[in-house]
Amino acid sequence: MASCSSLLSEDQFQCSICLDVFTDPVSIPCGHNYCKSCITKYWDNSDLCQCPMCKMTFDKRPDLYVNTFISEMAAQFRKSEPLKATISPDLRPTKPEVSCDICTGTKLKALKSCLVCLASYCETHLEPHQRVAALKKHKLIDPVENLEDRMCQKHERPLELFCRTDQTCVCRFCTEKDHETHDTVPLEEECEERKTQMKKTEGDMQQMIQERLEKVQEIKLSVETSKRDAKREISDSVQVFTVLVRSIERSQAELIEVIEENQKAAEKQAEGLIQDLEQEITELKRRSTELEQLSHTEDHLHLLQSFPSLSTPPHTKDWSEISVHSGLSVRAVRTAVSQLEETLNKEMEKLSDTKLKRIQQYAVDVTLDPDTAHPSLILSEDGKQVRGGDIEQDLPDNPEMFDSCSCVLGKQGFSSGRFYYEVQVEGNTEWDLGVARKSINRKGELTLSPEEGYWTVGLMDDQYEANAGPSVLLSLRQKPQKVGVFVDYEEGLVSFYDVEARSHIYSFTGCTFTEKLYPYFNLYLNCGGKNSAPLIITPVND
């Protein structure tokens, strides 16, 4: 069934006073319809209560009731015009407020303008143009101001034609001289063509508006996601630091207790040593006094008999090697620091595990691109595995293929957002993983560095390193069996994770990406079977 907009035009739902689609339409006794506010205002400014169109006069002002049928039809008509509904009222073009040139006193709004008479008429004064044969031939248009601007200044004739050569409006006399050889068409024809162009332009603009509205929603969603991520990061960080602070406080208390106990033990030891020393000093003083007295005796027999026992020093300790040590406190500090380090490592592992779980939600399906693979590489049918071969395949060269280094790229490229994938490297002795930009050089020897368009980590000669140009050696507690690669395009971040250990390996930060990034795999050539294990793109199991 045809819609109301296809059967009815705007004129049929247009108030003849405001020349706009009815708002609260009312019917008066003569049968004509107006907006309730328009007819009320018209009667308020007039001495007679009459219909503006047919001039029927009423003895008293009729009661006005909204015509629900016309109101519903007008509402349906408005719904059928989506553009009017979406454009802000401030941006909608407004019809000119043109008054009737014939009315005296209160001037009504003009309904039409005549290009021959160069005058605008209300419904009443337009009636002769609809009745008199000679006036019917006049050119009537929607009411406009400055009608003289629609006349040719040179010939004082209506501008009825459009010169496509000069892109200007002309009258018929202009085509006989100045525009005689030019391409001229009636204004209506040119307007129809322009309307077609306008519809296309309007469609393009609507598409641009829709794209921008979607981008606004995307940015808003990104902000909300960022807020949630930041909130989770803060919560996790607070939790980690709370644990660390408690651990530090506990370790500090334990360390102080150990130090105080050691100090007490040292003091007790010192007290015992001092007591022994004082006893020896007392004994030595007594013996020294006896010797002094004996040396002054005149009794020779007593001296000779006493001397042997006094000449031998009393039994004492060898104090040269005896001291009070404080080394126990140093050991306690080292033990406390080691315990803190262990606690920190455990909390960082928990933090990395939590972060990895979040990152894994950005997992994408990556498959290898055979068009980029070096001829020595062997790809599985599903594009999920690559291994090195001893013999190069005889393949036609193409600009996408690596010809010297045993590399291959993923089919999927990414130019925005975040993505993550995992690769099993178990059993492989030499490899590089990461991402590379689309424009990398694929011929000849390669230099793996961000400056050359590569963000990778790898294993070479039993050393793990980040190819940061220069390379950065990585100290890993265990050998990764499966490596996760995460990229945040807008953030300029490329991070690598040991999936099984749930730990962070390395991150490139502050990167600037300006083109598509592709997953990158470098599997060094199989030298006598030493590097025969494949690299396998595995499903991400969160």
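It should be emphasised that the depicted structure is a prediction, and the values quoted were computed from it without experimental measurement. Numbering of residues starts from 1 in every chain and runs along the sequence as written. This being a predicted model, a pLDDT of at least 70 is required before a residue's local features are given, and a value of 80 or more before pairs of side-chain atoms are given or counted; all residues contribute to the totals for chains, interfaces and linings. Excluded from the side-chain calculations are hydrogens and water; all other atoms, namely the structure's heavy atoms, are used.

Caption draft 1: Region of the structure containing the overall build of the protein chain. Within the protein chain, the regular secondary structure consists of nine helices and 21 strands. Throughout this description, buried means an accessible area under 20% of the type-specific maximum (1.4 Å probe, protein chains only), exposed means over 50%, and partly exposed covers the range between. The burial tally for the protein chain puts 33% of its 542 residues in the buried class. Helix and strand assignments come from DSSP, with helices taken as H or I runs of at least 4 residues and strands as E runs of at least 2, each series counted from the N terminus.

Caption draft 2: The packing of aromatic side chains, seen in detail. Here the aromatic set is Phe, Tyr and Trp, taking the six-membered ring for Trp, and pairing holds for ring centres within 6.5 Å; pairs whose planes are under 30 degrees apart are stacked, those over 60 apart are edge-to-face, and all others are tilted. Taken as a whole, this structure holds eleven aromatic pairs when the rule is applied. Here phenylalanine 496 and phenylalanine 508 contribute two aromatic rings whose centre-to-centre distance is 6.3 Å and whose plane-to-plane angle is 75 degrees, an arrangement assigned as edge-to-face. On the criterion of sequence distance, the pair formed by phenylalanine 496 in strand 18 (residues 493-498) and phenylalanine 508 in strand 19 (residues 503-508) is long-range, its members being twelve residues apart. A single burial state applies to phenylalanine 496 and to phenylalanine 508, both of which are buried. An aromatic cluster of three or more residues is present, and its members are Phe402, Tyr454 and Tyr520. The ring of phenylalanine 173 is capped by arginine 157, whose NZ or CZ atom sits 5.5 Å from the centre of that ring. Throughout this description, the term charge over a ring refers to an Arg CZ or Lys NZ atom that lies within 6 Å of the ring centre and within 35 degrees of the ring normal.

Caption draft 3: Molecular detail of the environment of valine 483. Here valine 483 shows up in strand 17 (residues 482-488). Given the relative accessible area of 0%, valine 483 is considered buried. Sequence separation between valine 483 and glutamate 422 is 61 residues, and the spatial gap between their C-alpha atoms is 5.6 Å. Look past the residues within four positions of valine 483 in its chain and what remains in contact with it is Tyr421, Glu422, Val423, Val425, Trp431, Leu433, Phe496, Tyr497, Val499 and Ile505. Whether two residues are in contact is decided by their heavy atoms: any pair within 4.5 Å suffices.

Caption draft 4: Representation of the layout of surface pockets in the model. The way it works is a 1 Å grid over only the protein atoms, where trapped points that fit a 1.4 Å probe form a cavity and open points with protein on both sides within 12 Å along at least five of seven lines form a pocket, and then any residue with an atom within 4 Å of a point lines it. Grid points are joined across faces, edges and corners, and a volume is the space filled by probe spheres set on the points. What the second largest pocket holds in volume is close to 900 Å³. Elements with a contribution of two residues or more to the lining of the second largest pocket: strand 5 (140-141) and helix 7 (187-295). Looking at the lining of the second largest pocket, the element that brings in the most residues is helix 7, giving eight residues. In this count, Pro and Cys sit with the nonpolar residues alongside Ala, Val, Leu, Ile, Met, Phe, Trp and Tyr, while Asp, Glu, Lys and Arg are called charged and the others, Gly among them, polar. Looking at the lining of the second largest pocket residue by residue, the classes come out as eleven nonpolar, no polar and ten charged.

Caption draft 5: Focus on empty space enclosed by the protein. Within the structure shown, the criterion is met by one cavity of 30 Å³ or more. Computed from the structure, the largest cavity encloses a volume of approximately 40 Å³. Around the largest cavity sit Trp431, Val457, Gly458, Tyr464, Glu465, Leu474, Leu476, Pro480 and Ile505, which together line it. Secondary-structure elements contributing two or more residues to the lining of the largest cavity are strand 14 (454-460) and strand 15 (463-466). A class-by-class count of the residues in the lining of the largest cavity yields seven nonpolar, one polar and one charged.

Caption draft 6: Fine view of the sheet that holds strand 15. Two strands pair under a simple rule: DSSP has to find at least two bridges between them. Strands sit in the order 11-20-13-14-15-16 across an open sheet of six strands; the sheet is antiparallel. Each edge of the open sheet carries a strand with a single partner, namely strand 11 (407-409) and strand 16 (472-473). Relative to strand 15, strand 14 is paired through four bridges, and the arrangement is antiparallel. From the neighbouring strand, valine 457 faces strand 15, where its bridge partner is alanine 466.

Caption draft 7: Representation of the pairing of strand 14. Within strand 14, six of the seven residues are buried, which leaves the element mostly enclosed by the surrounding structure. With antiparallel pairing between neighbouring strands as the criterion, strand 14 and strand 15 make up a hairpin whose turn holds two residues, including aspartate 461 at a positive phi of roughly 55 degrees.

Caption draft 8: Region of the structure containing the nonpolar core. Here, nonpolar core means buried Ala, Val, Leu, Ile, Met, Phe, Trp, Tyr and Cys residues that are tied together by side-chain atoms lying within 4.5 Å of each other. Grouped together as the largest cluster of nonpolar side chains are 37 residues, with contacts concentrated most on Trp431, Phe508, Phe521 and Leu535. Sequence-distant contacts of leucine 535, defined by excluding residues within four places in its chain, comprise Lys384, Gln385, Val386, Val423, Gln424, Val425, Asn428, Trp431, Leu433, Phe521, Asn522 and Leu523. Counting residues in each nonpolar core, the second largest holds 24 residues, with Ile28, Tyr34, Cys49 and Leu64 among its members.

Caption draft 9: Spotlight on a nonpolar patch on the surface. Patches in this entry comprise residues that are over 30% relatively accessible and not in a salt bridge; like charges within 9 Å are linked, as are nonpolar side chains (Val, Leu, Ile, Met, Phe, Trp, Tyr) within 5 Å. Note on areas: Shrake-Rupley with a 1.4 Å probe; residue coverage comes only from the protein chains shown. Criterion for a salt bridge: a side-chain nitrogen of Lys or Arg within 4 Å of a carboxyl oxygen of Asp or Glu. Taken together, the side chains of Met205, Ile209 and Leu213 make up a nonpolar region of the molecular surface, amounting to roughly 290 Å² of accessible area. Assignment of secondary structure puts methionine 205 in helix 7.

Caption draft 10: Just the sheet that holds strand 10 (residues 385-388), in detail. Taken together, seven strands build an open sheet; the order of strands is 9-10-21-12-17-18-19 and the sheet is antiparallel. Across the chains shown, the open sheet's two edge strands, defined by having one partner strand only, are strand 9 (377-379) and strand 19. The sheet shows a mean angle of 20 degrees between the axes of neighbouring strands, direction not considered. Pairing of strand 18 with strand 19, which is carried by five bridges, proceeds in the antiparallel orientation. Note on strand 19: the bridge partner recorded for aspartate 498 is serine 503. In this description, a line fitted to the C-alpha atoms serves as the axis of each element, helices being fitted only across the stretch in contact, and the angle between N-to-C directions of two axes falls anywhere from 0 to 180 degrees.

Keep in mind that these numbers describe shape and distance, not what the molecule does.
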